[in-house]
Protein chains: 2
Amino acid sequence: MPSSQDFRFGSFSSSVYIQRALPRRTAPGGSFLVVCDTNTLRYGRHFEQNPLVLEAGEAHKTWSAVEAILGEGRKRGLGRDGTFVGVGGGVVCDLTAFAASVYMRGAGLALVPTTLLAMADAAIGGKTGFDLGGIKNFAGSFYPAARVIAALDTLDTLPEREWKSGMAELVKTAILDTPSALDEFPAERPAPGGAAFERLLRRAVRFKGLLVERDPLETGGTRELLNLGHTFAHALEAAAGLGTVSHGEAVAWGIARSCELGGVLGITPPSTAAAIRQKLEALGYELRNPWPGRFDRAVFKEALIHDKKKRSGTLRFVVPAKKSARIVPLDIEGTDMEGAIESETGKRTIKNPGDVRMFFEGLW
Amino acid sequence: MPSSQDFRFGSFSSSVYIQRALPRRTAPGGSFLVVCDTNTLRYGRHFEQNPLVLEAGEAHKTWSAVEAILGEGRKRGLGRDGTFVGVGGGVVCDLTAFAASVYMRGAGLALVPTTLLAMADAAIGGKTGFDLGGIKNFAGSFYPAARVIAALDTLDTLPEREWKSGMAELVKTAILDTPSALDEFPAERPAPGGAAFERLLRRAVRFKGLLVERDPLETGGTRELLNLGHTFAHALEAAAGLGTVSHGEAVAWGIARSCELGGVLGITPPSTAAAIRQKLEALGYELRNPWPGRFDRAVFKEALIHDKKKRSGTLRFVVPAKKSARIVPLDIEGTDMEGAIESETGKRTIKNPGDVRMFFEGLW
């Protein structure tokens, strides 16, 4: 058995294995149900001749899919001690994990992420969910998988679009990690079979795991840093139509906006913003504002203002800093753009609310 | 502010207030959504002129109701720091709590139980859920309410049927508590306004709270004791048609069956079984086997065999003992009725599998 990175998320233990080949089995024993989608059927079949096959894609990340998983578990007689095994990308992992979390109030869960995004992000740290009312992951739970098995061989056939989606999360993690992590980030996409890539993935998993250990339920303000770029990204995804822009493309674009907002606020140093943009551009991401494809400005504004991370009517942006990033609560609907910036040295008021207002007006 | 009983369930804090009148407010502040049903509308309106009103009854304990709560929260702009306030019986409490647990992966929750069953059981300890595929609470989560406010005044108009539903859970708790708790259990239903009733309710809440503190996720074999009578009860509810028999009537009937099974297994002393039957009969419960109303034996057998508490194919019965109760894992589908009885003195095999088999054959 290869070695694992072991985390403790609240009352859950979670072991992450990064290895070359798919393992022979994922559950410690007992009954299990393998869930995959039409894209990952061959990996699903690796574990079980007759997996439950979901329709692939964000458009199918709905309650219907959750209900199908729950019903199939019931049909096969799975007990609370049975294990749901999600084999696929972020959508399959999130759906399977949510279903496991509510099946008889919580059954066993193992995840086999087969995309870079799922290996680096979706399968790690216990966030589950599905889309509701047109909002991504509007319903969900915190339910870490007991075992996550990332088999790098499954990336050999990963489509270009999926690579792009995953690499953005790796850049994000490097920004949050240490300045040297960003400096050392490869200028070109590393080969999936190589040691450089494996090192990058291990480091991203370790960083995210340790961050989540400190704040498993996203109540402590630490885990929230992982939302860097995501407030803008989710709004872009809504404005372009859910599933049109890949999550990673949206995150990269959102990180660029976060750098600009951080610049206006005097938090993101110009040199940091330039270094981040350079890495993202080298990897081929579209950073222009406004988004050059289909982009509904009214939907963008509406989605941003109703971001689900809102607290007490205040949006919470994450912007890059000299080291890592800062959380900036902003009431962008308020007429005077007042807000307080949380930082390690306490709170301070915004000095130039007019510039901040202009930044947002430039977005819609 | 009246005093509360404060519990710690895993990573959640839960304060239970037992008082006469409805409080003026339930949430510490910020935005909230009050959820009630057509039966509890006047209590819902006590907190908010425009509560979300669900259809009353077990038949409406479905995903549609959960979706309605989530959608209404979204419509009113509730953030993750908003609070869902469930005002009603077990169905409203379970639905509201489940919705709160998945709303943006977990929002605030307060419960105002208005039935005895909900005050003594459903609102305490964090079990949430809804019915799926004809199975009660098939999907759910563990999500204790930060505040539970039981206002005894709301019981003044409680229908007879609801009283009967709640008292059975109080008897169950007394059986599990100490032999003296059962001895002291009132022979007749105490008046809701009296001190005897309030003492009984406080003791039941305290007993359940302390038990759940030791085993919040029902993984440790302690919380499972609360299922006394419930394996038989859930099967009866299915056999009579969901919602036909009240939960408490089913639990009382199930406790009688548990006494018989415990007798066959040599765990429930005849004197204990007699004392339990006497209390239940004095309160007017139907204990005869087979159930004299509508009763589909095939459905009963099927529901019992597929009980959702099953582990590794083995059913787990709880039977009264000289003190408290014991958990008895039984493979009733196995031809030789072999099983092991868990007790404080270790495991032992069943001495008379033939008698146990006969007991179950007498049920269907």
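Residues numbered from 1 in each chain as written. Chains lettered and ligands numbered in written order. Predicted model: local features only at pLDDT ≥ 70, side-chain atom pairs only at ≥ 80, totals over all residues. Heavy atoms only, no water.

Draft legend 1. Quick peek at the packing of helix α9 (residues 247-264) of chain B against helix α12 (residues 353-361) of chain B. Residues and elements named next belong to chain B. One can describe the packing of α9 onto α12 by two numbers: an axis separation of 9 Å at closest approach and a directional angle of 160°. In this view, α9 runs roughly antiparallel relative to α12, as classed from their interaxial angle. Note that α9 runs across α12; the crossing there is right-handed. For the pair α9 and α12, the contacting residues are Arg257, Glu260, Leu261 and Val264 in the first and Asp355, Val356, Phe359 and Phe360 in the second. Partitioning the contact of α9 with α12 into residue classes produces five nonpolar, no polar and three charged. (Axes fitted to C-alpha atoms, helices over the stretch in contact; angles between N-to-C directions. Helix = DSSP H or I, 4+ residues; strand = E, 2+ residues; numbered from the N terminus. Parallel < 35°, antiparallel > 145°, perpendicular 65-115°, else oblique. Left-handed = near helix turned anticlockwise from the far one by under 90°. Contact = heavy atoms within 4.5 Å. Nonpolar A, V, L, I, M, F, W, Y, C, P; charged D, E, K, R; others polar.)

Draft legend 2. Structural view of helix α7 (residues 195-214) of chain A. All names here are of chain A. Along its 20 residues, α7 runs 29 Å from first to last C-alpha, staying within 8% of the 28 Å computed at 1.5 Å per residue. Listed as buried for α7 are Phe197, Leu200, Leu201, Ala204, Val205, Phe207, Lys208, Gly209, Leu211 and Val212. Tucked into the core, α7 has its buried residues touching β1 (4-9), β2 (12-19), α4 (116-122) and α5 (160-177). (Expected span 1.5 Å × (residues − 1). Buried < 20%, exposed > 50% of the residue type's maximum accessible area, 1.4 Å probe, protein only.)

Draft legend 3. Spatial organisation of the pairing of strand β9 (residues 147-151) of chain A. Residue and element names in this part refer to chain A. Among the five residues of β9, four are classified as buried, and the element is accordingly described as predominantly covered. Pairing geometry for β2 and β9, over five bridges, is parallel. Opposite tyrosine 17, over in β9, you have isoleucine 149 as the bridge partner. Here strand β6 (residues 108-113) pairs with β9 via two bridges, running parallel. Along β9, the bridge assignment pairs leucine 111 with valine 148. (Pairing = 2+ DSSP bridges.)

Draft legend 4. Local environment of the interface of chain A and chain B. Contacts between the two partners involve 34 residues from chain A, matched on the other side by 34 residues from chain B. Taken together, the two surfaces of chain A and chain B that pack against each other cover about 3100 Å², and 58% of this comes from carbon and sulfur. Three residues, Arg80(A), Arg105(A) and Phe138(A), lead the burial of chain A against chain B; their summed loss comes to 26% of the area buried on that side. Viewed at the interface, chain B and chain A are joined by zero salt bridges. Those elements that provide at least two residues to the side of chain A that touches chain B are α2 (63-75), α3 (90-102), β7 (130-132) and β8 (135-139) of chain A. Tallied by class, the residues present in the side of chain A that touches chain B amount to 13 nonpolar, 10 polar and 11 charged. (Buried area = accessible area lost by both parts, 1.4 Å probe. Salt bridge = Lys/Arg side-chain N within 4 Å of Asp/Glu carboxyl O.)

Draft legend 5. Quick look at the relation of the copies chain A and chain B. Structural alignment of chain A on chain B gives an RMSD of 0.0 Å, achieved by rotating through 180° and translating 0.0 Å along the axis. The relationship between the two copies is best expressed as a two-fold rotation axis. Relative to the rotation axis, the C-alpha of Ser11(A) is the closest in chain A, positioned 3.9 Å from it. When the interface residues of chain A are mapped onto chain B, 100% of them again fall at the interface, so both copies present the same face. (Least-squares fit on C-alpha atoms with pLDDT ≥ 70 in both.)

Draft legend 6. Seen up close, the environment of Cys36(A). Residues and elements named next belong to chain A. Tracing the sequence through the fold places cysteine 36 in strand β3 (residues 32-37). Measuring from C-alpha to C-alpha, the distance between cysteine 36 and glycine 79 comes to 20 Å, with 43 residues separating the pair along the chain. For cysteine 36, the residues in contact, after removing those within four places along its chain, are Leu41, Gly44, Pro51, Leu52, Val53, Leu54, Val87 and Val92.

Draft legend 7. How the structure looks around unusual backbone geometry. In this structure, the amide linkage connecting Asn289(A) to the following residue, Pro290(A), adopts the cis form with an omega of -5°. Its location among the elements puts Pro290(A) in the loop between α10 (270-282) and α11 (297-305). The phi torsion at Met104(A) lies on the positive side, around 50°, for a residue other than glycine. Turning to its location among the elements, Met104(A) is positioned in the loop between α3 and β6. At Asn137(B), a residue that is not glycine, the phi angle is positive and equals roughly 50°. As for its placement among the helices and strands, Asn137(B) is situated in strand β8 (residues 135-139).

Draft legend 8. Seen up close, the packing of aromatic side chains. Residue and element names in this part refer to chain A. With the rule as written, the count across this model stands at 37 aromatic pairs over all chains. Both rings, one in phenylalanine 12 and one in tyrosine 143, keep their centres 5.3 Å apart while their planes meet at 70°; by these two values the pair is edge-to-face. Taken together, the residues span a long stretch of sequence, with phenylalanine 12 in strand β2 and tyrosine 143 in the loop between β8 and β9 at a distance of 131 residues. Residue class for phenylalanine 12 comes out partly exposed when judged on its relative accessible area of 24%. Taking NZ or CZ as reference, arginine 257 lies 4.8 Å from the ring centre of tryptophan 253, over its face. (Phe/Tyr/Trp six-rings, centres within 6.5 Å; stacked < 30°, edge-to-face > 60°. Lys NZ or Arg CZ within 6 Å of the ring centre and 35° of its normal.)

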